[in-house]
2 protein chains.
Amino acid sequence: MLDFKAFLQKYGPSFEQEMLAYISQIEMPAHLKDAMLYSLEAGGKRIRPMLILAVLKAYRLEPMLGLDAGIAVELIHTYSLIHDDLPCMDNDDLRRGKPTNHRVFGESMAVLAGDALQPAAFGKITDSEIYSAEQKIALISALARAAGASGMVGGQVADIEAENIQVNIEQLKQIHALKTGKLLEFSIQAGAILANASTSDQQHLSEFARHLGIAFQIQDDILDIVGNEAELGKPIGSDLNNQKSTYPSLLTIEGALAQLNEHHQKANSALKKVNCNVTILESVMNMVVNRNN
Amino acid sequence: MLDFKAFLQKYGPSFEQEMLAYISQIEMPAHLKDAMLYSLEAGGKRIRPMLILAVLKAYRLEPMLGLDAGIAVELIHTYSLIHDDLPCMDNDDLRRGKPTNHRVFGESMAVLAGDALQPAAFGKITDSEIYSAEQKIALISALARAAGASGMVGGQVADIEAENIQVNIEQLKQIHALKTGKLLEFSIQAGAILANASTSDQQHLSEFARHLGIAFQIQDDILDIVGNEAELGKPIGSDLNNQKSTYPSLLTIEGALAQLNEHHQKANSALKKVNCNVTILESVMNMVVNRNN
């Protein structure tokens, strides 16, 4: 059985090294580089790049073929965290147990570090020495959509607008489908693009990715209530303090767990229709559902 | 003689319309779209897209072939203005005679509107129905470099770090070569990519673009002292109030004018080596040197 934790241990260190090396070799002012590297080095689960590698593995291809696309999506994810933490946004002091970017480098540098990570992501894909021209264009097009107004940023706006008002469960799912779901979907899609997967496989993998994204968010919300601060690296109960609508606040913890289970089942059903070795993707899904940070 | 003003009058309106239509058709939260369109509709000289069109015209190609790349560079330029105006950056209340984005939509929406304009720019190039795959990749690679840490954002960081300290004229040129120069250079380069210009032509056009960029900045600095507030759409004297190093502050107005003249000459010399009809590019340079807003 392919275990995702073992997979992460095998490929994670090379991924970290390559991502940091890519940013390090760009000629830029020293403080800007420090600020960009600070947030990239702050760790994190690297679930987005690892999803790309896992899809390639499922197609019996070399997982590290997903490296360039994986670096790109992690740079986008990291910029979004830096900007989300800003005083004018969530105004967070801690991220992954360390002071947030603007607390260390100041607000203007944090804005600019985030701004510079975006083009670095798209440039990483154009620079790839192994992707075909068609693959590069498909990846950039998908990433631009997933990261932009119709994706992650649109979800962030919808999330801010939903603060302090009562949303229903469908609206909540829609917000998260954009805010966190779209980049996770991109990752699965990127793996499929690089594996030259059939249209049918791409559709079923996208369905898997949508359920994975929702499950990921439900577990995030549950951990904000029942999680361990030391393991999470951030204070628990922040959603409650911010009066944010969450799965547990709308459904109770038991209701949220039932939804988590439902999306787990649906993700596995979608996977059954994909013509590849899905064991590792099932293992990813188990990790999402059972994670404690 | 091809006159750049007539050129702008001919192609400007279609450009505006196409750029706004592109953003309007993206599905996103209404407030986000309002914020993005507000800054795009605020006007501006559209010099970057028009440079692309002008290079195509110089190669006797249809200028509107530059539309998609022109929209992309204008989206990047516009995002940079929104973020530059933020309270944590220049804290400006007015831009082109209108309240700045964050004054109208709030700080978090201004950050996100800027964030969403970046992927929209890269996505516009991948979506083009007329560029070849190789042209798309060359354009995205060049735009990512010009906009990112080694280009515009790096220049913005260097500019902030130079505030309140004495920089020399070479350092000042270096800051502006990045902050404003790189996107102008990209525009010339984009025109050359789309015209399939020879390597030699591309090199001489890049040299032209570098001098154009410096001349543009010198004239900007001069206008901040001798300009007309109503024509500029912003208060004059802001550089002086911010104790910013500028060409006139380092060289006097006369010295700055001498430098402006020198870069004008050098730009024209570079143009003489390019194998195309350079009249319209000379006219662009005249416009940069003689503009009053």
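Definitions and limits used
Residues numbered from 1 in each chain as written. Chains lettered and ligands numbered in written order. Predicted model: local features only at pLDDT ≥ 70, side-chain atom pairs only at ≥ 80, totals over all residues. Heavy atoms only, no water. Helix = DSSP H or I, 4+ residues; strand = E, 2+ residues; numbered from the N terminus. Rg over C-alpha atoms; globule rule 2.2 N^0.38 Å. Buried < 20%, exposed > 50% of the residue type's maximum accessible area, 1.4 Å probe, protein only. Contact = heavy atoms within 4.5 Å. Least-squares fit on C-alpha atoms with pLDDT ≥ 70 in both. Buried area = accessible area lost by both parts, 1.4 Å probe. Salt bridge = Lys/Arg side-chain N within 4 Å of Asp/Glu carboxyl O. Polar contact = N/O pair within 3.5 Å; in protein donor to acceptor, adjacent residues only side chain to side chain. Nonpolar A, V, L, I, M, F, W, Y, C, P; charged D, E, K, R; others polar. Expected span 1.5 Å × (residues − 1). Bend = angle between axes of the 7 residues up to and from the residue. Core = buried A, V, L, I, M, F, W, Y, C linked by side-chain atoms within 4.5 Å. Axes fitted to C-alpha atoms, helices over the stretch in contact; angles between N-to-C directions. Parallel < 35°, antiparallel > 145°, perpendicular 65-115°, else oblique. Phe/Tyr/Trp six-rings, centres within 6.5 Å; stacked < 30°, edge-to-face > 60°. Lys NZ or Arg CZ within 6 Å of the ring centre and 35° of its normal.

1. Comments concerning the overall build of chain A
Looking only at helices and strands, chain A has 14 helices and 2 strands in total. The C-alpha atoms of chain A give a radius of gyration of 18 Å, which matches the 19 Å a tight globule of 293 residues would have. In chain A, which comprises 293 residues, the proportion classed as buried is 61%. Here the contacts in chain A between residues at least 6 apart in sequence split such that 74% fall between residues at least 24 apart.

2. Considering the relation of the copies chain A and chain B
Superposing chain A onto chain B takes a rotation of 180° combined with a translation of 0.0 Å along the rotation axis, leaving an RMSD of 0.0 Å. What we have between these two chains is a two-fold relation. In terms of proximity to the rotation axis, the leading residue of chain A is Ala 133 of chain A, whose C-alpha is 3.1 Å off the axis. Looking at chain A, 100% of its interface residues are interface residues in chain B too, so the copies touch through the same face.

3. Overview of the interface of chain A and chain B
Often, the extent of an interface is quoted as the loss of accessible area upon association of its parts. Listed as interface residues are 44 residues of chain A and, on the opposing side, 44 residues of chain B. Summed over both sides, the interface between chain A and chain B buries roughly 3,400 Å², with carbon and sulfur atoms accounting for 74% of that surface. Along the contact surface separating chain A from chain B lie 2 salt bridges. Between the two partners, chain A and chain B, sit 8 residue pairs in polar contact (both at pLDDT 80 or more). For the side of chain A that touches chain B, the elements supplying multiple residues, two or more each, are helix H2 (30-40), helix H4 (67-85), helix H6 (107-127), helix H7 (133-147) and helix H8 (152-162) of chain A. A per-element tally of the side of chain A that touches chain B places H6 of chain A first, with 13 residues. Of the residues contributing to the side of chain A that touches chain B, the split by class is 25 nonpolar, 11 polar and 8 charged.

4. Some thoughts on the side chain of Asp 85 of chain B
All names here are of chain B. Note on placement: Asp 85 falls in the loop between helix H4 (67-84) and strand S1 (94-95). Look at Asp 85 and you get buried, because its relative accessible area is 3%. Within the structure, Asp 85 has its side chain in polar contact with the side chain of Arg 95 (distance 2.9 Å). Residues in contact with Asp 85, not counting those within four places in the same chain, are Asp 90, Asn 91, Asp 92, Arg 95, Thr 100 and His 102.

5. Some points on helix H13 (residues 247-272) of chain B
When the terminal C-alpha atoms of H13 of chain B are compared, their 27 Å separation across 26 residues is substantially less than the 38 Å that a helix rising 1.5 Å per residue should span. By the largest-angle criterion, Ile 253 of chain B marks the main kink of H13 of chain B, which is about 95°.

6. Some words on the nonpolar core
By size, the foremost hydrophobic cluster in this structure holds 197 residues, and its most contacted members are Ile 23 and Leu 75 of chain A together with Ile 23 and Leu 75 of chain B. Apart from the residues within four sequence positions on either side, Leu 75 of chain A is in contact with Met 19, Tyr 22, Ile 23, Leu 40, Leu 117, Ala 120 and Ala 121 of chain A.

7. Quick notes on the pattern of salt bridges
For the structure shown, the criterion picks out 18 salt bridges over all chains. Close ionic contact of Arg 95 of chain A with Asp 85 of chain A constitutes a salt bridge, the shortest N to O distance being 2.9 Å. Remark: Asp 85 of chain A occurs in helix H4 and Arg 95 of chain A occurs in strand S1 (residues 94-95); sequence separation between them is 10 residues. Between Lys 179 of chain B and Asp 159 of chain B there is a salt bridge whose closest N-O contact spans 2.8 Å. On the criterion of sequence distance, the pair formed by Lys 179 of chain B in helix H9 (residues 169-194) and Asp 159 of chain B in helix H8 (residues 152-162) is long-range, its members being 20 residues apart. Comparing Lys 179 of chain B with Asp 159 of chain B, the two get one shared label, buried. Several salt bridges converge on common partners, so that one network encompasses Glu 16, Arg 46 and Glu 74 of chain A.

8. Digging into the environment of Leu 205 of chain B
All names here are of chain B. Looking at the secondary structure, you find Leu 205 in helix H10 (residues 199-226). Under the relative-accessibility criterion, Leu 205 is labelled buried at 1%. Sequence spacing of Leu 205 and Lys 273 is 68 residues, and the spatial spacing of their C-alpha atoms is 8.7 Å.

9. Some remarks on the environment of Pro 63 of chain A
Residues and elements named next belong to chain A. Mapped onto the elements of the fold, Pro 63 is located in the loop between helix H3 (47-58) and H4. The exposure class assigned to Pro 63 is buried, which follows from its relative accessible area of 4%. For Pro 63 and Phe 186, which are 123 residues apart along the polypeptide, the C-alpha to C-alpha distance reads 16 Å. Those residues within four positions of Pro 63 in sequence are excluded, and the remaining contacts are Phe 7, Tyr 11, Leu 53, Leu 56 and Lys 57.

10. Looking at the packing of H13 of chain B against helix H14 (residues 279-290) of chain B
The relative placement of two packed helices comes down to the angle between their axes together with the axis-to-axis distance. Residues and elements named next belong to chain B. Axis separation between H13 and H14 bottoms out at 10 Å; the angle between their running directions is 170°. Relative to H14, the element H13 lies roughly antiparallel. Residues Leu 260, His 263, His 264, Ala 267, Asn 268 and Leu 271 of H13 pack against Leu 281, Glu 282, Met 285, Asn 286 and Val 289 of H14. Looking at the contact of H13 with H14, its residues break down into 6 nonpolar, 4 polar and 1 charged.

11. Thoughts on the packing of aromatic side chains
Scanning all chains against the criterion turns up 7 aromatic pairs over all chains. Arranged with centres 4.7 Å apart and planes meeting at 20°, the rings of Phe 122 of chain A and Phe 122 of chain B form a pair that is stacked. Remark: Phe 122 of chain B occurs in helix H6 (residues 107-127) and Phe 122 of chain A occurs in helix H6; the pair is interchain, linking two chains. Residue Phe 122 of chain A is classed as buried on the basis of its relative accessible area, which comes to 0%. Aromatic side chains Phe 7 of chain B and Tyr 11 of chain B sit 4.9 Å apart centroid to centroid with 55° between the ring planes, which places their arrangement in the tilted category. With Phe 7 of chain B and Tyr 11 of chain B both in helix H1 (residues 4-24) and 4 residues apart, this pair spans about one turn of that helix. Assigned by exposure class, Phe 7 of chain B and Tyr 11 of chain B land together as buried. In this structure an aromatic cluster arises from ring pairing among Phe 4, Phe 7 and Tyr 11 of chain A. The aromatic ring of Tyr 38 of chain A is capped on one face by Lys 98 of chain A, whose charged end is 4.8 Å from the ring centroid. Positioned over the ring face of Phe 216 of chain A is Arg 291 of chain A, at 4.0 Å from the centre of the ring.

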